[in-house]
Amino acid sequence: MQTPPPKPTPAELDLLRTLWRIGPATAKQVHEALLADRPDASDATVLRQLQIMHGKGLLARDESQRSHIYAPAQSQDALQTHLLKDLIAKAFAGSGKALVLAALKGHVSKKERAEIEKFLHGDEA
């Protein structure tokens, strides 16, 4: 049986979102990309967090160059699907319908609701 991928913390998710957006990068590049959203983040903290995430299996690391290149170990879609399955199992007793109904109650704008309806009617793949 395959072990499930580790669950990232909120701070780790921030770094993963940054790497998914910019692609494989050095710690310095990740730090620079992160500064717009988190100006308080130091380069040493970002490097340490990337090292921890690599140790947990959340990131792959290319050590062939002096500055190591970090990349997410899973695609954004794969990780989101895993986290969503876990949320459905734990918070909604395994019911995807219950999740969707809860999400639609006050958490969806009119524009998003129209897009969802269009998708459900098969107008969008």
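Residues numbered from 1 in each chain as written. Predicted model: local features only at pLDDT ≥ 70, side-chain atom pairs only at ≥ 80, totals over all residues. Heavy atoms only, no water.

Chemist: Please clarify how the nonpolar core should be interpreted in this entry.
Modeler: Among the nonpolar cores identified, the biggest contains 15 residues, and Leu 15, Leu 19, Val 30, Val 46, Leu 50, Met 53 and Leu 59 are the most heavily contacted of them. Contributions of two or more residues to this core are made by helix 1 (10-22), helix 2 (27-34) and helix 3 (43-56). (Core = buried A, V, L, I, M, F, W, Y, C linked by side-chain atoms within 4.5 Å. Buried < 20%, exposed > 50% of the residue type's maximum accessible area, 1.4 Å probe, protein only. Helix = DSSP H or I, 4+ residues; strand = E, 2+ residues; numbered from the N terminus.)

Chemist: Looking at this structure, how should I read empty space enclosed by the protein?
Modeler: Sizing a probe to match a water molecule and rolling it over the atoms shows the empty space that remains. Under the criterion given, the structure shown has one cavity of 30 Å³ or more. Its boundaries defined by the atoms lining it, the largest cavity holds a volume of some 30 Å³. In the lining of the largest cavity, the residues fall into six nonpolar, one polar and no charged. (1 Å grid on protein atoms, 1.4 Å probe; cavity = no way out; pocket = protein on both sides within 12 Å on 5 of 7 lines; lining within 4 Å. Points joined across faces, edges and corners; volume = space filled by probe spheres on them. Nonpolar A, V, L, I, M, F, W, Y, C, P; charged D, E, K, R; others polar.)

Chemist: Whenever I open this one, the pattern of salt bridges confuses me. Can you help?
Modeler: Where charged atoms from two side chains of opposite charge approach closely, those side chains can pair. Applying the stated rule across the entire model yields six salt bridges. A salt bridge links Lys 7 to Asp 86, with the nearest nitrogen and oxygen atoms 3.5 Å apart. Here the residue Lys 7 occupies a position in the segment before helix 1, and Asp 86 occupies one in helix 4 (residues 76-91), the gap between them amounting to 79 residues. Linking Asp 14 and Arg 38 is a salt bridge whose minimum nitrogen-to-oxygen distance equals 3.5 Å. Taken together, the residues span a long stretch of sequence, with Asp 14 in helix 1 and Arg 38 in the loop between helix 2 and helix 3 at a distance of 24 residues. Among the residues examined, Arg 38 registers a relative accessible area of 24% and is labelled partly exposed. Three or more residues are tied together by salt bridges with common partners; here these are Lys 7, Asp 86 and Lys 90. (Salt bridge = Lys/Arg side-chain N within 4 Å of Asp/Glu carboxyl O.)

Chemist: Where do I start with the packing of helix 1 against helix 4 in this structure?
Modeler: For any two helices packed against each other, one specifies the inter-axial angle together with the distance between the axes. It is at 11 Å that the axes of helix 1 and helix 4 come closest, and there the two elements cross at 150°. Between helix 1 and helix 4, the angle falls in the class roughly antiparallel. Taking contact as the criterion, the partners of Leu 13, Leu 16 and Trp 20 in helix 1 are, on helix 4, Gln 76, Leu 79 and Leu 83. (Axes fitted to C-alpha atoms, helices over the stretch in contact; angles between N-to-C directions. Parallel < 35°, antiparallel > 145°, perpendicular 65-115°, else oblique. Contact = heavy atoms within 4.5 Å.)

Chemist: Can you help me understand the environment of Ala 36 in this one?
Modeler: Mapping Ala 36 onto the fold places it in the loop between helix 2 and helix 3. A C-alpha to C-alpha distance of 35 Å links Ala 36 and Thr 3, two positions 33 residues apart in sequence.

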